Amino acid sequence: MGSFPSRRRSRRLLGAACAAAAIAITAAACGSSGTSGTSGTSGSSGAAAPTGGTRVVGGTATYALPPSTTPNYIFPFDSSTYFSVVNAEDFQYLLYRPLYWFGNGASPTLNTSLSLAGKPVYSDNGRNVTITMKDWKWSNGTPVTAQNVVFWIHMMQAVASTDWGAYVPGGFPTNVSDVKATSPTTLTMTMNKAYNQTWFTSNELSQITPMPEAWDRTASGASHCTTTVSDCAAVYSYLDSQSKSLSSWAGSPIWGIVDGPWRLSSFNADGNSTFVPNKAYSGPVKATLAQFQEVPFTTESAEYNVLQAGSAGGNQIDVGYLPTTDAPPTKSANAIGTNPLNSSYYLSPLYAWSINYFPLNYQSTTGNGPVIKQLYFRQALQYLMNQAAVISGPLKGYGVPTVGPVGSVPATNYLSSTGKSGDPWPYNPGKAKSLLTSHGWNVVANGTTSCTHPGTATTDCGAGIKQGQQLSFTLPYATGTEWIAQEMTQLQSNASQVGIKLSLDPRPFDQVTAIAAGNCVVAHISCNWDMGNWGGGWTFVPDYYPTGETLFLSGSGANSGGYTNSQNDSLINDTLTSNSVNSLYTWQNYLAQQLPVIWQPNGVYQLSEIVNNLRGVIPQSTTLGINPENWYFVKS
Amino acid sequence: MIGFLIRRILQAAVTVLIVTVIVFFLLRAIPGNVAVAILGPAAYRNPATLAQFNAEYGFDKPWYSQYLLWLGHLLQGNLGFSWTLDQSVASLLGQRLPKTIILVGISTILALIIAVPIGLWQAVRRNKPVDYTFTALSFLFYAAPTFFVGTVLILVFSVKLGWFGPEAPQGGIVSDLTDWRDLVLPVVTLALVTIALFSRYMRSSVLDNISEDYVRTARAKGASRRRVLWRHVMRNSLIPIATLLGLSIPGIFAGALITESVFNYPGMGYLFYQSAQKQDYPVLLGFIIVVAIATVVGSLLADIAYAVLDPRVRYA
């Protein structure tokens, strides 16, 4: 259970540094022009990508890592410290395949072809599940067995509460009462109650990465974590220490046993990785490339310099990204503008399977908690968030509105028909004003609105709100992403029209998340904040089924504002136990209207630049995995 | 001289110790939550991990207790372990420091080799076109932000002309030295600013010296203009440059964040920035130790250089 609060690509670079921002501006000013193209955006776009050409066997494809991030953990059992896209999707998944692979083209759904086991078969109304392994092999020739899965689950049972980054109290594996490998190819699992099968597969089984028997060891020799849970802590400790020896990864006999399509042939601590095909790979598509390289970058601008130079510098990037500041404007998320690198690359926007929002603190000790608890106030504030203007303005068209707790891009059947109808709260300052005046507030445009009718009647301000209380809030937001800064300024201006005073407080990303990403009561941190915007919302990875138990259930650690609503809790619990997607629709339609948070636009995750003679890169995965085994160069 | 050196080394040790106390305190005063910065906001899903982190690294203790713990490790030669880069601080410094020394060191030497003759030439040709030209160029490069100079150089010499690489060498130390085409632009970027600075000092110093009595005396005794310039004026004019060089030594160790960022060269400056963003205290403290030592050593070397350049200076 548990996806993660995402930090958008552009925020990963030297966000707060004026210097870096200035670099980006210079690069933007110096960009060259090209011709325009079109693309479709259903999560990842299918741009006007080049086609044809004769497939070339071999070659080296170079992939630019996100700025200021490098892999620093190879053991596919990531604690919170290492729980990141660059460690998992960009690195470990190339070597060690998860039991169930999510990402079907641009769709964030189960990919049975790339999964190590057949579809899980549920029985006893969803209380038992049987998993049958396919005929995959490790690179040392041994099969990927059910025992390898049990090995991972036993390790979870031993150390998950402190050392598994996606662990949620009460979640996997606590909710599994029994697990056993009944044969080398069959595994049965009994849960503590009947669960929604889609949810259990997408959010629980999705976390598993089988581990080879050769890893069941400590420094002193073989161990028995596969059969004995009490042995697992020592095994974890050993593998963790081996993973922290970065310089030994490429030659390690432990990390050299892979079941993915690639094996690591070199790695340096700066983050330069070279992968070569795993000749024993038993998956459906064998690598065509002779090598796949990942290269790190200090900033987006440094990466863009290399993209612009192309092969002139001798370090050509084959798959990179365009800094958001250099994005060519487009009129809709289903198109792209003029690619400044069009002579060598084609542009393909990638949207992550995510939602974007910023939390309101219902547990605020500033005195504003009672105001935030009023639905009419949240509705008024949401009416002032002009998602359409932010998308067409600062996002240059590369964004979609967040319509509720379920992502609208890519198109999935998880989004209700109501959600598909678009932003339920289009910009409307008139309605915002009306909501406030009809609830006992004296609205002072460009001043500060105050409560004139305290009380709990339907026309009063609401419980806990005092006579004369003003609508004045502090709003820390993360620096480093230009469109977020512009959005915040715009919201501040919009809010002032109805006398809501937002005191913006730009801070580094880590400071904002430290303040606002956790439930202050549960995490025992200060509740002295009203709102906070880290800018990236939430990405549904590795929990692909967008239920709300992590973000919106009462008492959840990641329920940032401490939102509590018994009907919402009941509806969330239905989504976890009912097999019908209708329960998901009912919940999301309800919560979209309840506004536990303020929905804000979901900006593009990455504007990928792909070299013209490389095929197989698109559609890009909205679950952020990469499959360079599908990539190949062509000659004309 | 030996007594002087011993006194300075002892003073340096005390200085470095005081610096660590101040920096340690200031780091703890930075707003935010170290555990969340290191573990990531996802850790909020399981608050037990935050408590475990704080207990494991002593964040549940007063700052002075944490300092004494860190100092104890330092005295045993243990600089600590980076929470975010997953390596020992000593190993990180071992990787990044040589890269920075190569980049900043080469650019400083290059700047020195070019700036000294230019400054001398400008002084000799004072108020002539050549003086005005170099003065204008000095002002231009000294005023221009490094990121701007670097970006322009990349666009012209890499993107348009393809002569040099758009990023610094990406391999190890050996490649830093052998991939000279990739090293040219970052070195030149840094050198241009330094040349502008050094040449201005040199020009000013030569002008001061050229009107001194000893110059007039030497000329009156029949020494040629060239001999006076190179044997007498030049040597005395180098004293302010020695001071500047001494002050540059911490920079050689601390790196050049902007240039490293523009040219994708992860050296010491970039390491410091990364660590500061993530509140990776062990790395920040390791960095501070290195730079503090470089500062006192640089200052000491400058003092020694005075004695070499000016025989009147003697340290008792």
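Source: prediction; values computed, not measured. (Residues numbered from 1 in each chain as written. Chains lettered and ligands numbered in written order. Predicted model: local features only at pLDDT ≥ 70, side-chain atom pairs only at ≥ 80, totals over all residues.)

Moving on, we get to the overall build of chain A. Within chain A one finds 16 helices and 31 strands. Relative to its length of 636 residues, chain A is compact, with a C-alpha radius of gyration of 25 Å against a globular reference of 26 Å. C-alpha atoms of chain A, sized along the principal axes, occupy 75 × 60 × 40 Å. Scored against the burial criterion, the 636 residues of chain A give a buried share of 60%. In chain A, the share of contacts with a sequence separation of at least 24, taken over all contacts with a separation of at least 6, comes to 71%. (Helix = DSSP H or I, 4+ residues; strand = E, 2+ residues; numbered from the N terminus. Rg over C-alpha atoms; globule rule 2.2 N^0.38 Å. Buried ≥ 20, exposed ≤ 12 C-beta atoms within 10 Å, placed from the backbone. Contact = placed C-beta atoms within 7 Å.)

Our next topic: the overall build of chain B. Within chain B, the secondary structure is distributed over 14 helices and 0 strands. Listed by position from the N terminus, the elements making up chain B come as α-α-α-α-α-α-α-α-α-α-α-α-α-α. With respect to the three principal axes, the spread of C-alpha positions in chain B is 85 × 60 × 35 Å. Counting every position in chain B, which comprises 316 residues, the buried fraction comes to 42%. Considering only residue pairs separated by 6 or more positions, chain B has 69% of its internal contacts joining residues 24 or more positions apart.

What follows deals with the interface of chain B and chain A. If you look at the interface, chain B gives 51 residues, while chain A gives 59 residues. Mapped onto the side of chain B that touches chain A, the elements with two or more residues apiece are α2 (34–39), α3 (47–56), α7 (146–160), α12 (257–262) and α13 (268–277) of chain B. At 7 residues, α7 of chain B tops the list of elements feeding residues into the side of chain B that touches chain A. Residues of the side of chain B that touches chain A, tallied by class, amount to 27 nonpolar, 19 polar and 5 charged. (Nonpolar A, V, L, I, M, F, W, Y, C, P; charged D, E, K, R; others polar.)

Residue and element names in this part refer to chain A. Under the domain assignment used here, chain A contains domain 1 (9–67 + 270–349 + 606–635), domain 2 (73–246) and domain 3 (354–430 + 473–603). In this assembly, 20 residues from domain 1 lie in contact with 19 residues from domain 2. Classifying every residue of the side of domain 1 that touches domain 2 by side-chain character gives 8 nonpolar, 11 polar and 1 charged. (Domains from an automatic or database assignment.)

Residue and element names in this part refer to chain A. The two faces of strand β9 (residues 128–132) differ: Val129 and Ile131 on one face are buried, but Asn128, Thr130 and Thr132 on the other face are not. Note that strand β8 (residues 121–123) and β9 share 3 bridges and pair antiparallel. Across the sheet, the residue bridging to Ser123 is Asn128, located in β9. As paired strands, β9 and strand β11 (residues 186–191) are joined by 5 bridges and run antiparallel to one another. Bridged to Val129 within β11 is Met189. (Pairing = 2+ DSSP bridges.)

What follows is about the sheet that holds β8 of chain A. All names here are of chain A. Read from one edge of the open sheet, 4 strands run β8-β9-β11-β10, paired in antiparallel fashion. With one partner strand each, in any of the chains shown, β8 and β10 (176–183) form the two edges of the open sheet. The sheet shows a mean angle of 20 degrees between the axes of neighbouring strands, direction not considered. Two elements, β10 and β11, share 6 bridges in a ladder whose sense is antiparallel. In the strand pairing of β11, Lys180 is matched with Thr188. (Axes fitted to C-alpha atoms, helices over the stretch in contact; angles between N-to-C directions.)

All names here are of chain B. Partitioning chain B into structural domains gives domain 1 (2–75) and domain 2 (96–309). Taken together, the contacts link 15 residues of domain 1 with 11 residues of domain 2. Breaking the side of domain 1 that touches domain 2 down by element, the ones donating at least two residues are α1 (2–28) and α2. Here the side of domain 1 that touches domain 2 takes 9 residues from α1, the largest share from any one element. For the side of domain 1 that touches domain 2, the per-class residue count stands at 11 nonpolar, 3 polar and 1 charged.

With that settled, consider the pairing of strand β29 (residues 606–611) of chain A. All names here are of chain A. Within β29, 6 of the 6 residues are buried, which leaves the element mostly enclosed by the surrounding structure. Here β29 shows a buried face lined by Gln606, Ser608 and Ile610 and a second buried face lined by Leu607, Glu609 and Val611. Pairing of strand β17 (residues 319–321) with β29, which is carried by 3 bridges, proceeds in the antiparallel orientation. Across the sheet, the residue bridging to Tyr321 is Ser608, located in β29.

Below, the discussion takes up the sheet that holds strand β4 (residues 54–56) of chain A. Residues and elements named next belong to chain A. Taken in spatial order, the 3 strands make up an open sheet running β4-β31-β30, and their pairing is antiparallel. Each edge of the sheet is formed by a strand with only one pairing partner; in this case those strands are β4 and β30 (614–615). As paired strands, β30 and strand β31 (residues 632–635) are joined by 2 bridges and run antiparallel to one another. Opposite Leu614, over in β31, you have Phe633 as the bridge partner.

Residues and elements named next belong to chain A. Looking at chain A as a whole, its pLDDT mean stands at 88, while 92% of the residues score no less than 70. Taken element by element, the predicted model of chain A shows its lowest mean pLDDT in helix α1 (residues 18–30) (29) and its highest in helix α8 (residues 375–384) (98). A low-confidence stretch, residues 7–47 (pLDDT under 50), is modelled with 145 contacts involving residues beyond four sequence positions or located in other chains. (pLDDT = per-residue confidence, 0-100.)

All names here are of chain B. For the pair α7 and helix α9 (residues 180–210), the least separation of the axes is 9 Å and the interaxial angle reads 140 degrees. As summarised for this structure, α7 and α9 are arranged oblique, according to the angle between their axes. The two elements α7 and α9 meet at a crossing, and its hand is right-handed. Contact residues: Thr146, Val149, Gly150, Leu153, Ile154, Phe157 and Ser158 in α7; Leu185, Val188, Thr189, Leu192 and Val193 in α9. Split by residue class, the contact of α7 with α9 holds 8 nonpolar, 4 polar and no charged. (Parallel < 35°, antiparallel > 145°, perpendicular 65-115°, else oblique. Left-handed = near helix turned anticlockwise from the far one by under 90°.)

Relative orientation and spacing of two packed helices are given, respectively, by the angle between their axes and the distance between those axes. All names here are of chain B. For the pair α1 and helix α14 (residues 281–309), interaxial distance at closest approach is 10 Å and the crossing angle is 150 degrees. One way to sum up the angle between α1 and α14 is to call them roughly antiparallel. Like other packed secondary-structure pairs, α1 and α14 cross with a definite hand, here right-handed. Counting all contacts with α1, which are made through Arg8, Ala12, Thr15, Val16, Val19, Thr20, Val23, Phe24 and Leu27, the residues of α14 involved are Tyr281, Leu284, Leu285, Ile288, Ile289, Ala292, Ile293, Val296 and Leu300. Within the contact of α1 with α14, the residues separate by chemical class into 15 nonpolar, 2 polar and 1 charged.

The next subject is the nonpolar core. Val149, Met155, Ala380 and Ile598 of chain A are the most contacted members of the largest nonpolar core, which has 264 residues in total. Examining the composition of this core, we find that 13 residues originate from one element, helix α5 (residues 89–124) of chain B, more than from any other. Not counting residues up to four positions away in its chain, the partners in contact with Ile598 of chain A are Tyr357, Phe358, Leu360, Leu381, Gln382 and Met385 of chain A. (Core = buried A, V, L, I, M, F, W, Y, C linked by C-beta atoms within 7 Å.)

So, about the confidence of the model for chain B. All names here are of chain B. Per-residue pLDDT for chain B has a mean of 86; in total, 98% of the residues score no lower than 70. Looking over chain B, one finds the lowest element-wise mean pLDDT in helix α8 (residues 173–178), namely 76, and the highest in helix α6 (residues 129–143), namely 93. Interface confidence in the predicted complex, given as ipTM, is 0.80; pTM for the same model is 0.84.

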